[in-house]
Amino acid sequence: MKILRDTWLVYARQMGLVIRQPTWVFIMLIQPLYYLILFGPLLDGLGGLPGFEAGAMQTFVPGLVIMMAMFGTLFSGFGLIAEIREGVIERFRVTPISRLSLLLGRSLRDVSTLVFQALILVLLSAPIGGLTIYWDGLGLMMLIVIGIGFALSAASYGVAIVLKSEDAMAPLLNTVTQPVLLLSGIMLPMALAPDWLQTVAKFNPFAYAVDAARALFNGDLASNAIWQAAIFIGALMLVLVFWSARKFSRAAA
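Residues numbered from 1 in each chain as written. Predicted model: local features only at pLDDT ≥ 70, side-chain atom pairs only at ≥ 80, totals over all residues. Heavy atoms only, no water.

Asks: When you look at the packing of helix H7 (residues 135-163) against helix H10 (residues 205-217) in this model, what are you seeing that I'm missing?
Replies: The relative placement of two packed helices comes down to the angle between their axes together with the axis-to-axis distance. Two elements in contact, H7 and H10, have axes whose closest approach is 8 Å; the angle formed by their N-to-C orientations is 160°. Taken as axis vectors, H7 and H10 run roughly antiparallel relative to one another. Between H7 and H10 the crossing geometry is left-handed. Between H7 and H10, the contacting residues are Gly137, Leu138, Leu140, Met141, Ile144, Ile148 and Leu152 on the first element and Phe206, Ala209, Ala212, Ala213, Leu216 and Phe217 on the second. Tallied by class, residues from the contact of H7 with H10 come to 12 nonpolar, one polar and no charged. (Axes fitted to C-alpha atoms, helices over the stretch in contact; angles between N-to-C directions. Helix = DSSP H or I, 4+ residues; strand = E, 2+ residues; numbered from the N terminus. Parallel < 35°, antiparallel > 145°, perpendicular 65-115°, else oblique. Left-handed = near helix turned anticlockwise from the far one by under 90°. Contact = heavy atoms within 4.5 Å. Nonpolar A, V, L, I, M, F, W, Y, C, P; charged D, E, K, R; others polar.)

Asks: Whenever I open this one, the packing of aromatic side chains confuses me. Can you help?
Replies: Given two aromatic rings, one states the distance between the centres and the angle between the planes to describe the pair. For the structure on display, the rule yields four aromatic pairs. With 6.0 Å between their ring centres and 10° between their planes, phenylalanine 75 and phenylalanine 78 make a pair best called stacked. The exposure class assigned to phenylalanine 78 is partly exposed, which follows from its relative accessible area of 22%. Three or more aromatic residues joined by ring pairs make a cluster, and in this case those are Phe71, Phe75 and Phe78. (Phe/Tyr/Trp six-rings, centres within 6.5 Å; stacked < 30°, edge-to-face > 60°. Buried < 20%, exposed > 50% of the residue type's maximum accessible area, 1.4 Å probe, protein only.)

Asks: Explain the pattern of salt bridges to me, please; I cannot follow it from the model alone.
Replies: Two side chains bearing opposite charge may form a pair once their charged atoms approach each other closely. Across all of its chains, the model carries five salt bridges by this definition. Residue glutamate 83 pairs with arginine 13 through a salt bridge whose shortest N-O separation is 3.8 Å. With glutamate 83 in helix H4 (residues 77-86) and arginine 13 in helix H1 (residues 2-20), the pair connects residues that are 70 residues apart, well separated along the chain. Judged by its relative accessible area of 11%, glutamate 83 falls in the buried class. Since its relative accessible area comes to 34%, arginine 13 is described here as partly exposed. We note a salt bridge from aspartate 110 to arginine 109, for which the minimum N-O separation is 2.7 Å. Across the pair, arginine 109 and aspartate 110 agree in class, each one buried. (Salt bridge = Lys/Arg side-chain N within 4 Å of Asp/Glu carboxyl O.)

Asks: Explain H7 here, please?
Replies: Since the α-helix packs 3.6 residues into each turn, any two residues three or four apart lie on the same face. In this model H7 runs 41 Å from its N-terminal to its C-terminal C-alpha over 29 residues, within 8% of the 42 Å that 1.5 Å per residue would give. With respect to burial, H7 is a largely interior element, 21 of its 29 residues being buried. Phi for lysine 164, located one or two positions after H7, is positive at around 55°. (Expected span 1.5 Å × (residues − 1).)

Asks: Help me out: how do you make sense of the confidence of the model for the chain in this one?
Replies: Predicted confidence across the chain gives a mean pLDDT of 84, with 93% of residues reaching 70 or more. The least confident element of the chain, judged by mean pLDDT, is helix H5 (residues 88-92) at 71; the most confident is H10 at 91. (pLDDT = per-residue confidence, 0-100.)

Written as structure tokens, this is what we have:
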């Protein structure tokens, strides 16, 4: 199909840019490693508290992976703004390439690098924090990571096309991400929060993703959080990809 070929062409071009300048891929690992090394040990004394029954690292590391999925793709749009300013999108307008492929190729590049970063973080967590890896659960958790990556990468590109300004995009993303992060239970399980805060968190799809990641990390493949996360993250991905694809089509029309 033409759309698959066009997506591959865009993906190959974007991955070529990453390979020629791979430094930022490893830079994105620095912040999660800071949390793992400098914040993780502070949780060692919380074993036995609600949400920490499996141990500090088994609870904390899955949250870090979800945080990497969120922040590793949500800011991808800044690169697109630079391409818009340099006329790259304008030049694509005169080609027969699928407008949807312009989005899918870029998002696929973001997800590919995200999966690589997430696997590196998990593998480093085993010797550094004493994490026990359940490989079946890890594989399923990567599907959640991919869904989050596609959803937020697409959203970032759509916002970039609408705003076309780093000065406007940065405060908008920071304003949105802070409450989403705090209500997801990434840093500390929401089981420790008061009842009203847990009720508010139920409206946050990423809270279900964190709960599912923790269940999968502990080998609990029958947890209800897994299918709940699949529904919420899957629906979010479809909505955001559809919305961003419309923005790409209009920008390249």
